[in-house]
Amino acid sequence: MNSFLKLMVAGAAILLVTTATASAQTAMPDGCKSEASMSGSMKMRSDMHMGEIADHQKAMMESMQKMHPAMMQGMMAKDPDVAFVCGMIGHHMGAISMSEVELKYGNDEQAKSMAQKIIDAQKKEIEEMSAWVKEHAK
């Protein structure tokens, strides 16, 4: 694939993620929205340094930074079914990582219980999807 085409594909992927993020935010409960998200500005301020945020926030951000490339890589498969399943594997891996952050830093037993349930369910689904990919990806 030439450089121009790669740039166009990357741009389209970013647009898809941005659009999906914007539409997902409208469905988010108000308690999940920060002042920045309520104003529509989800970009981190350039003057905010990683040292100025809490450890759990750093860990969540790190898990998101790992999840997005895995999702994007998976979604680039030529077969739409394989692209979906591979993208979902990356998404589920991110859910597990975020849940592990909750188990490490969280204080609320109900939230920690939800995190453990997510880990258990997502690991099972990753196994199922990985087996499907092994069988269907060409």
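Look up: the structure comes first, before these words.
Quick look at the structure, then. For clarity, every value in this text was computed on a predicted model and none was experimentally measured.

## Digging into the nonpolar core
Ranked by size, the top nonpolar core spans 7 residues in total: Val85, Ile89, Ile96, Ile119, Ile126, Met129 and Val133. If you list the elements that add at least two residues to this core, you get helix H4 (80-105) and helix H5 (109-136). At 4 residues, the largest contribution of residues to this core is made by H5. In this structure, Ile119 is in contact with Ile96, Ser99, Glu100 and Leu103, ignoring residues within four places of it in sequence.

## Regarding H5
Side chains three or four residues apart in an α-helix point the same way, a direct result of the helix having 3.6 residues per turn. A rise of 1.5 Å per residue sets the reference length of H5, with its 28 residues, at 40 Å; its end C-alpha atoms lie 40 Å apart and thus fit the reference within 8%. All of the buried residues along H5 are Ala115, Ile119, Gln122, Ile126, Met129 and Val133. Taken together, the buried residues of H5 touch H4. Between the side-chain oxygen of the N-cap and the backbone nitrogen of Gln110 there are 2.9 Å, and the N-cap of H5 in question is Asp108.

## Observations concerning the packing of helix H3 (residues 55-75) against H4
Contact geometry for H3 and H4: axes closest at 7 Å, N-to-C directions at 170°. Here H3 is positioned roughly antiparallel relative to H4, judged by the angle of their axes. Contact with H3, carried on its side by Asp55, His56, Ala59, Met60, Ser63, Met64, Met67, Ala70, Met71, Gly74 and Met75, involves Val82, Ala83, Cys86, Gly87, Gly90, His91, Gly94, Ser97, Met98, Val101 and Tyr105 of H4 and no other residues of that element. Split into classes, the residues belonging to the contact of H3 with H4 amount to 13 nonpolar, 8 polar and 1 charged.

## Structural notes on the pattern of salt bridges
Summed over the entire model, instances satisfying the criterion amount to 2 salt bridges. Linking Lys58 and Asp55 is a salt bridge whose minimum nitrogen-to-oxygen distance equals 4.0 Å. Placement of both Lys58 and Asp55 in helix H3 is noted, with a separation of 3 residues, approximately one turn of the helix. With its nearest N and O atoms 2.7 Å apart, the salt bridge here joins Glu128 to Lys124. Within this pair, Glu128 and its partner Lys124 are both found in helix H5, separated by 4 residues, close to a single helical turn.

Reading guide: rules and limits
The residue numbering used here restarts from 1 in each chain and proceeds along that chain's sequence as written. Local features in this predicted model are restricted to residues of pLDDT 70 or higher, and side-chain atom pairs are both shown and tallied only at a pLDDT of 80 or more, whereas totals for entire chains, interfaces and linings draw on every residue. Only hydrogens and water are removed before side-chain values are computed, so all heavy atoms of the structure are retained for them. Residues enter a nonpolar core if they are buried and are Ala, Val, Leu, Ile, Met, Phe, Trp, Tyr or Cys, with the set joined through side-chain atoms within 4.5 Å. The classification of residues rests on relative accessible area computed with a 1.4 Å probe and restricted to protein chains. Under 20% of the type maximum is buried, over 50% is exposed, and intermediate values are partly exposed. Under the scheme used here, helices are H or I runs from DSSP no shorter than 4 residues and strands are E runs no shorter than 2 residues, and both carry numbers assigned from the N terminus. Residue contacts are counted whenever heavy atoms from the two residues lie within 4.5 Å of one another. Expected span of a helix: the number of residues minus one, times 1.5 Å. A 3.5 Å cut-off defines polar contacts: any pair of N or O atoms within that distance qualifies, except that in protein one atom must be a possible hydrogen donor and the other a possible acceptor, and neighbouring residues in sequence count only when both atoms are side-chain atoms. A fitted line through C-alpha atoms serves as each axis, taken over the contacting stretch for helices, and the angle formed by two N-to-C directions is quoted from 0 to 180°. Oblique is the label for every angle not falling under 35 degrees (roughly parallel), over 145 degrees (roughly antiparallel), or within 65 to 115 degrees (roughly perpendicular). Three classes are used, and their members are as follows: Ala, Val, Leu, Ile, Met, Phe, Trp, Tyr, Cys and Pro are nonpolar, Asp, Glu, Lys and Arg are charged, and the others, Gly among them, are polar. Whenever Lys or Arg places a side-chain nitrogen within 4 Å of a carboxyl oxygen from Asp or Glu, that contact is recorded as a salt bridge.

Limitation: the analysis is restricted to geometry and does not speak to function.
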